[in-house]
Amino acid sequence: MKRVLVTCPPMLGMFDEFVEPAKSLGIELVAAKTTQVLSEDELIVLLPEYDGWIIGDDPATRRVFEAGFNGQLKAAVKWGIGVDNVDFQACNDLGIPITNTPNMFGGEVADVGMALLLGLARQTHFIDREIKNNFAWPKPAGMSIAGKSVGVVGFGDIGESLVKRLGGFDVDITVYDPGVEGDKGYGYVTREDFPNGVELLDFLIFTCSLNRHNYHMLNADIIRKLKRGVMIVNVARGPLIDENALIDALQDGHIAAAGLDVFEVEPLPANSPLRDMPQCIFGSHNGSNTKEGVRRATNQAILHIANYLKAQ
């Protein structure tokens, strides 16, 4: 029986469901003790004891893979689509087979993006908090969605799923993605090169993967181009946004509000100024976490790791 370390929080949340199916493939799944990520040092100690690794958002660096390679590690799978935390070149150099599980939950993440957009526009989060915490009965004037301009950064699985959903809201949609050509058949989409036209947007939503070219793509310079009162949504990766610049813009009102499922540091630090901003909505990097989505991605990850280990 091959032992496989699991460090992916959504998979860990339904862990017991996958133990027996994995055993039927010759895999013993072992749950790591983590709420978000393990550190490099923790992984360097743990990983050499395992034949395989199903990776979450942990720092899957060259140091970590080298430690695993010097022990028992023979294969790895990155759970989900995002691979910015994984050194694939190190795996290639060490001869460790690795893949990810793309196109598993674009719809689920897009649903969270829509929920954040609608919550910001209608201040449902603020109303809920005031009723629960202050015994109030607030009636803030929200923003109508129809007729607004929405920018979507990323036109992959998540971005396309979001565009599909936005299509029923009578909004103008501008899509930014240098890696995808055309409108994919969504005739109501306008294509632009980022940041062209951002000054016209009422909402700017990030759904793209993180790479060395788009780190801090929303920074102080771009924020100055945005219209005052714009709202920001990020369901992709925290470092796409310069968080300090975002905080400054939220504090002076240039950005009216933000819906963030992801942050530069996760979990969100206790001393983050974002915690003092009641106009914002925050998530716990949980956009893909539905039972159906977790099952799809996990079953694929287990099949990949089982096939890799059988081939050793």
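Okay, so let's go over this structure. (Residues numbered from 1 in each chain as written. Predicted model: local features only at pLDDT ≥ 70, side-chain atom pairs only at ≥ 80, totals over all residues. Heavy atoms only, no water.)

**Some points on the overall build of the protein**
The condition is simple: Elements are defined by DSSP. Helices are runs of H or I of four residues or more, strands are runs of E of two residues or more, and each kind is numbered from the N terminus. We compute the radius of gyration from the C-alpha atoms alone; for a globule the expected value is 2.2 Å times N to the 0.38, where N is the number of residues. For the exposure calls, accessible area comes from a 1.4 Å probe over protein chains only, and a residue counts as buried if that area is under 20% of its type's maximum, exposed if over 50%, partly exposed in between. Accessible surface area values rest on a Shrake-Rupley calculation with a 1.4 Å probe, where residue burial reflects the displayed protein chains alone. Residues scored as positive are Lys and Arg, those scored as negative are Asp and Glu, and His as well as the terminal groups of each chain are ignored. In plain terms, the charge of a residue is placed at NZ if it is Lys, CZ if Arg, CG if Asp and CD if Glu.
Looking only at helices and strands, the protein features eleven helices and twelve strands. Its C-alpha atoms give the protein a radius of gyration of 21 Å, near enough to 20 Å, the size a compact globule of 312 residues would have. Principal-axis analysis of the C-alpha atoms places the extent of the protein at approximately 60 × 50 × 35 Å. Residues classed as buried in the protein amount to 50% of the 312 residues present. A total of about 14400 Å² of accessible surface is found on the protein, and carbon and sulfur atoms cover 50% of it. Side chains of the protein give 28 positive and 40 negative charges; the mean places of these two sets differ by 4 Å.

**So, the packing of helix H6 (residues 106–122) against helix H8 (residues 157–166)**
Here is the rule we go by: Every axis corresponds to a line fitted to the C-alpha atoms, with the helix fit spanning only the stretch in contact, and the corresponding angles, defined between N-to-C directions, vary from 0 to 180 degrees. Should an angle fall under 35 degrees it is taken as roughly parallel, and over 145 as roughly antiparallel, whereas 65 to 115 is taken as roughly perpendicular and any remaining angle as oblique. By the definition used in this description, the sense in which the near helix is turned from the far one sets the handedness, with an anticlockwise turn below a right angle giving left-handed and a clockwise turn giving right-handed. In what follows, residue pairs with any heavy atoms lying within 4.5 Å of each other are defined as contacts.
Running from amino to carboxyl end, H6 crosses H8 at an angle of 50°, the nearest separation of the two axes being 8 Å. When the axis of H6 is compared with that of H8, the two are oblique. Crossing of H6 over H8 shows right-handed handedness. Residues Gly106, Gly107, Val109, Ala110, Asp111, Gly113, Met114 and Leu117 of H6 form the contact with H8, whose own contacting residues are Asp157, Ile158, Ser161, Leu162, Arg165 and Leu166.

**Some thoughts on the environment of Asp183**
Here is the rule: For the purposes of these results, a polar contact is taken to be a pair of N or O atoms within 3.5 Å, where, inside protein, one atom must be able to donate a hydrogen and its partner to accept one; residues adjacent in sequence count only when each atom of the pair is a side-chain atom.
By the secondary structure assignment, Asp183 is in the loop between strand S7 (172–176) and strand S8 (189–191). At 2.8 Å, the side chain of Asp183 forms a polar contact with the backbone nitrogen of Gly185.

**Examining the sheet that holds strand S11 (residues 255–260)**
Either a parallel or an antiparallel arrangement is found when strands of a sheet pair, and the pairing is made through backbone hydrogen bonds. Applied cut-off: Each pair of strands is called paired provided DSSP finds at least two bridges between the two strands.
Taken together, the seven strands give an open sheet; going across it, the order is S8-S7-S6-S9-S10-S11-S12, and neighbouring strands pair in parallel fashion. Strand pairing shows two members of the sheet lacking a second neighbour, S8 and strand S12 (281–282), which therefore form its edges. Here strand S6 (residues 149–153) pairs with S7 via five bridges, running parallel. Its bridge partner lying in S7, Ser149 is registered against Asp172. Contacting S6, S7, S8 and strand S9 (203–206), H8 runs over the sheet at an angle of about 165° to S6.

**Digging into the layout of surface pockets**
Note the threshold: Using a 1 Å grid laid over the protein atoms alone, points where a 1.4 Å probe fits but cannot get out form a cavity; open sets with protein on both sides within 12 Å along at least 5 of 7 lines form a pocket; any residue with an atom within 4 Å of a point counts as lining. Grid points are joined across faces, edges and corners, and a volume is the space filled by probe spheres set on the points. Residue type decides the class: Asp, Glu, Lys and Arg count as charged, Ala, Val, Leu, Ile, Met, Phe, Trp, Tyr, Cys and Pro as nonpolar, and the leftover types, Gly among them, as polar.
If you add up the space inside the largest pocket, you get close to 860 Å³. Ile158, Thr207, Cys208, Ser209 and Ala236 are the residues nearest the centre of the largest pocket, which is lined by 46 residues in total. The set of elements that each furnish at least two residues to the lining of the largest pocket consists of helix H1 (9–13) and H8. Its residues placed into classes, the lining of the largest pocket shows 18 nonpolar, 20 polar and eight charged. Space inside the second largest pocket adds up to approximately 260 Å³. Along the walls of the second largest pocket sit 16 residues, with Asp57, Asp84, Phe263, Glu264 and Glu266 positioned nearest its centre.

**Considering empty space enclosed by the protein**
Once rolled over the atoms, a probe with the size of a water molecule shows which space is left empty. Tallied over the entire structure, the rule returns one cavity of 30 Å³ or more. Put simply, the largest cavity is a space of about 40 Å³. Asn234, Gly238, Ile241, Glu243, Leu246, Leu260, Val262, Phe263 and Glu264 are the residues that line the largest cavity. When grouped by side-chain class, the residues that make up the lining of the largest cavity number five nonpolar, two polar and two charged.

**Description of the nonpolar core**
We apply this condition: Among buried residues, the Ala, Val, Leu, Ile, Met, Phe, Trp, Tyr and Cys ones that are joined through side-chain atoms within 4.5 Å form a nonpolar core.
With 53 residues, the main nonpolar core has Met11, Leu29, Ile54, Trp79 and Leu166 as its most contacted residues. With near-sequence residues (within four places) excluded, Ile54 lies in contact with Val4, Leu5, Val6, Thr7, Cys8, Met11, Leu29, Val77, Trp79, Ala301 and Ile302. Of all hydrophobic cores here, the second largest spans 31 residues; its members include Leu210, Met217, Leu240 and Ala249.

**Let's talk about the packing of aromatic side chains**
Note the cut-off: Between rings of Phe, Tyr and Trp, where Trp is taken as its six-membered ring, a pair exists when centres lie within 6.5 Å; planes separated by under 30 degrees are stacked, by over 60 edge-to-face, and by other angles tilted.
Summed over all chains, the structure comprises six aromatic pairs. Between Tyr176 and Phe194, the aromatic rings sit 5.3 Å apart at their centres with planes inclined by 85°, giving edge-to-face as the arrangement. Note that Tyr176 is positioned in strand S7 and Phe194 in the loop between S8 and S9, a separation of 18 residues in sequence. For Tyr176, a relative accessible area of 2% translates into the label buried.

**Focus: unusual backbone geometry**
Following Phe194, the chain continues to Pro195 via a peptide bond in cis, the omega torsion being 10°. Mapped onto the elements of the fold, Pro195 is located in the loop between S8 and S9. At the junction of Glu266 and Pro267, the peptide bond is cis and its omega measures out at -5° in the coordinates. At Lys184, a position not held by glycine, the phi torsion is positive, near 55°.

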